[in-house]
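# Architecture and fold: a report
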Amino acid sequence: MAMASLRHVLGLLGFVLAFAHRHFPLAMLGLVAIFFLVSKRKASVYLLDFNCYRPPDSFRLPKCMFQEHLFLDEKVDQKSKAFLSKIFEKAGFSEETSIPPSITELPIKRSLSSALEEAETVIFSVVHGLLSKNNVSPRSIDILICNSTMFCPTPSLTAMVVNEFGMRSNIQSYNLSGMGCSAGVVSVGLAQDLLRVHKNSLALIISTEILNMNWYKGKNTSMLITNCLFRMGSAALLMSSRDQDKKAAKYELQHLVRTTRAHDDQSYACVYQDVDSEDEIGVSISKSIVNVAGDALKANVASLGPLVLPYTEQCRYAWSIIKRKLGTGRKTEIYVPNFRRAFEHFCIHAGGKSVIDAIGKNLKLGEEALEASKMTLYKFGNTSASSIWYELAYTEAKGRVKVGDRIWQIALGSGFKCNSAVWRCINPEGSQGAKVWEGKMEADGVDAP
């Protein structure tokens, strides 16, 4: 589409130049108009490839190890141990989810040095795999973005990457913190804006969450839940606004919609970092999280729907609201648009089994649409902002993504936020991301989704 527009503009330019001999003032006005149109033309933004971190088997946290840690932890009372055992059993995890080795030690080794070692392990691994597979020099990266909600060291994580890979001194680097599990889509949105302003540029995005210093060691059950849910993971993306990258790109970014409900007190406090009665730092998760997530999703969908849904679906939705207001359809539910007509694939943040099921119910999606999310939760756990990339990798590894397919990534996070990214597949072949699922494709237990 971008090339067609460029050819159209060049054709107009030729016409104006030919016309200039007879009508110079009009020709100058035409030239000004053409240059204005060219300057306002938005550059297309592409995803060249992505890569997900796969922990070694030695990092696994089987259920028996989790139970043993609870049993040996004298700071957790019996009531809390019983509660956490119940939560962990219902979490939807396999025996393969992983945590850093420092947390498997007894007592837990929580320190800055251990957190830095964990960050280097996951970040350097995904970046090296992505750049080497795509034969991209680190010095060709123009924009570097890293999102990590809880761990923000000095020097920053982006500085750590620049130092390790010897990137240029004039690289634009950005660190996003405190934005929760939806930060991955926020990073994509930031990269999109920067790539359109700085055309013909290459951006590297890293989404991760460092567990070590944020592993809760207290007794507050609402804070202990995070130990049951979050697991080790990371993803790296290569995005570009260079025209020459269109043929090599895997996806084109079509839409990005961000919604925050931080103005609402219940939503703001739903996922909250605080200290307990014994001054232990932790993140509490409210029981209202499913309802809060549902409200944020509805607001996000209301903004995204007109951009992606066929007019027939929009009209049916609008007509159901009109009938309600006219009093002729009060007993009927508001029509939920069929999003399968807008998207072929869905990547819903693997925040938890109940969250995935609630979103599927609200959007009236079948189990097939939720499969990638549930399998990611089952095999890798909640890897925070990177989970949507494990899900896309799963869909690719299954061979389901075809040219022209549209993918909807839905990310939820503290604040409370719901963010959406819509991609169109250009070339599904040879993605680095799918490799993370080698040998993990099949469900292997009675608790599998």
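These numbers come from a predicted model, not from an experiment. (Residues numbered from 1 in each chain as written. Predicted model: local features only at pLDDT ≥ 70, side-chain atom pairs only at ≥ 80, totals over all residues. Heavy atoms only, no water.)

### Description of the pattern of salt bridges
Applying the stated rule across the entire model yields 13 salt bridges. Notably, a salt bridge pairs K379 with E96, separated by 3.0 Å at the nearest N-O pair. Taken together, the positions of K379 in helix α14 (residues 367–380) and E96 in the loop between α4 (78–89) and α5 (101–104) put the pair 283 residues apart, joining distant regions of the chain. Since its relative accessible area comes to 2%, K379 is described here as buried. (Salt bridge = Lys/Arg side-chain N within 4 Å of Asp/Glu carboxyl O. Helix = DSSP H or I, 4+ residues; strand = E, 2+ residues; numbered from the N terminus. Buried < 20%, exposed > 50% of the residue type's maximum accessible area, 1.4 Å probe, protein only.)

### Details of the sheet that holds strand β4 (residues 202–208)
With mixed pairing, nine strands are arranged side by side in an open sheet as β3-β2-β4-β5-β1-β6-β11-β10-β9. Strand pairing shows two members of the sheet lacking a second neighbour, β3 (172–176) and β9 (345–348), which therefore form its edges. Going across the sheet, the axis of each strand differs from the next one's by a mean of 20°, ignoring polarity. Relative to strand β6 (residues 251–260), strand β1 (residues 46–52) is paired through two bridges, and the arrangement is antiparallel. Within the sheet, the bridge partner assigned to Y46 lies in β6 and is E252. Those strands touched by helix α8 (residues 183–197) are β2 (143–147), β3, β4, β5 (234–240), β6, β10 (406–413) and β11 (417–425), and its axis lies near 165° from that of β2. (Pairing = 2+ DSSP bridges. Axes fitted to C-alpha atoms, helices over the stretch in contact; angles between N-to-C directions. Contact = heavy atoms within 4.5 Å.)

### What to know about the packing of aromatic side chains
Counted under the stated rule, the structure contains 13 aromatic pairs. Geometrically, the ring pair formed by F380 and Y390 is tilted, given 4.8 Å between the ring centres and 45° between the ring planes. Of this pair, F380 sits in helix α14 while Y390 sits in helix α15 (residues 387–397), placing them 10 residues apart in sequence. What makes Y390 buried here is its relative accessible area of 0%. Taken together, the aromatic side chains of F339, F343, F346 and W408 make up a single cluster linked through ring pairs. It is K440 that lies over the ring of F380; its NZ or CZ is 5.2 Å from the centre. (Phe/Tyr/Trp six-rings, centres within 6.5 Å; stacked < 30°, edge-to-face > 60°. Lys NZ or Arg CZ within 6 Å of the ring centre and 35° of its normal.)

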